[in-house]
Amino acid sequence: MSKSTKPEKIGMRTLIGFDFGKKYIGVAVGQEMTGNATALGSIKAKDGIPNWPSLEGYVKEWQPDLIIVGLPLNMDGSEQQLTLDAKKFGNRVSGRLGVKVAFQDERLTTADAKEQLFARGGYRNLKKDNIDAESAKLILESYFEQIS
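Criteria and cut-off values
All residue numbers here refer to positions counted from 1 along the written sequence of the relevant chain. Given that the model is predicted, a residue must reach a pLDDT of at least 70 before its local features are reported, and side-chain atom pairs must reach 80 or more before they are shown or counted; all residues, however, enter totals for whole chains, interfaces and linings. Here the side-chain values reflect all heavy atoms present in the structure, with hydrogen atoms and water set aside. In the sections that follow, a salt bridge refers to a side-chain nitrogen of Lys or Arg positioned within 4 Å of a carboxyl oxygen of Asp or Glu. Strands here mean DSSP runs of E at least two residues long; helices mean DSSP runs of H or I at least four residues long; both are numbered from the N terminus. In this scheme, a residue with accessible area under 20% of its type's maximum is buried, one over 50% is exposed, and one in between is partly exposed, where area comes from a 1.4 Å probe on protein chains only.

Student: How should I be thinking about the pattern of salt bridges in this particular structure?
Tutor: If the charged atoms of two oppositely charged side chains come close together, the side chains can form a pair. Summed over the entire model, instances satisfying the criterion amount to eight salt bridges. Note that R96 is salt-bridged to E56, the shortest N-O span being 3.0 Å. Pair noted here: R96 is in helix 2 (residues 81-97) and E56 is in helix 1 (residues 52-62), with a separation of 40 residues, a long-range link. When its relative accessible area of 25% is taken as the criterion, E56 is described as partly exposed. E134 is paired through a salt bridge with K137; the nearest N and O atoms lie 3.8 Å apart. Remark: K137 and E134 occur in helix 4 (residues 128-147); sequence separation between them is three residues, near one turn of the helix. The class of E134 is buried, set by a relative accessible area of 3%. For K137, a relative accessible area of 15% puts it in the buried group. Each of the salt bridges in this network shares a partner with another, and the network as a whole consists of K22, D47 and D85.

Structure below.
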């Protein structure tokens, strides 16, 4: 499943974003060309270890050139235990699937995700699955903004 044989065309790449969590991992896909991302859903996890067949299914379907993992930092930018767990998750994904992984600061994405979901559909739109996937979408879009 390695992408190393595919030439990397910056600006033309497909990216998958993950919002890491101990119980659920949000998933989104995006295109560098448009700078937009789409929330796909979430993967169940047990103490941060994903349901690998689900995760691999997303990667197989979308064939990303790069995977972005949200990095949960404290508000002052310092790391916490969850930051280290997210890094470990990203390294495992890269090692297991042979796809390059980069990390993106995800401070405040959950709050932003809830705000946007509520604006689009009220309280009934605030399901955990929706929030995690929307957070992954925002992580990807903030990555696109940073590189443009």
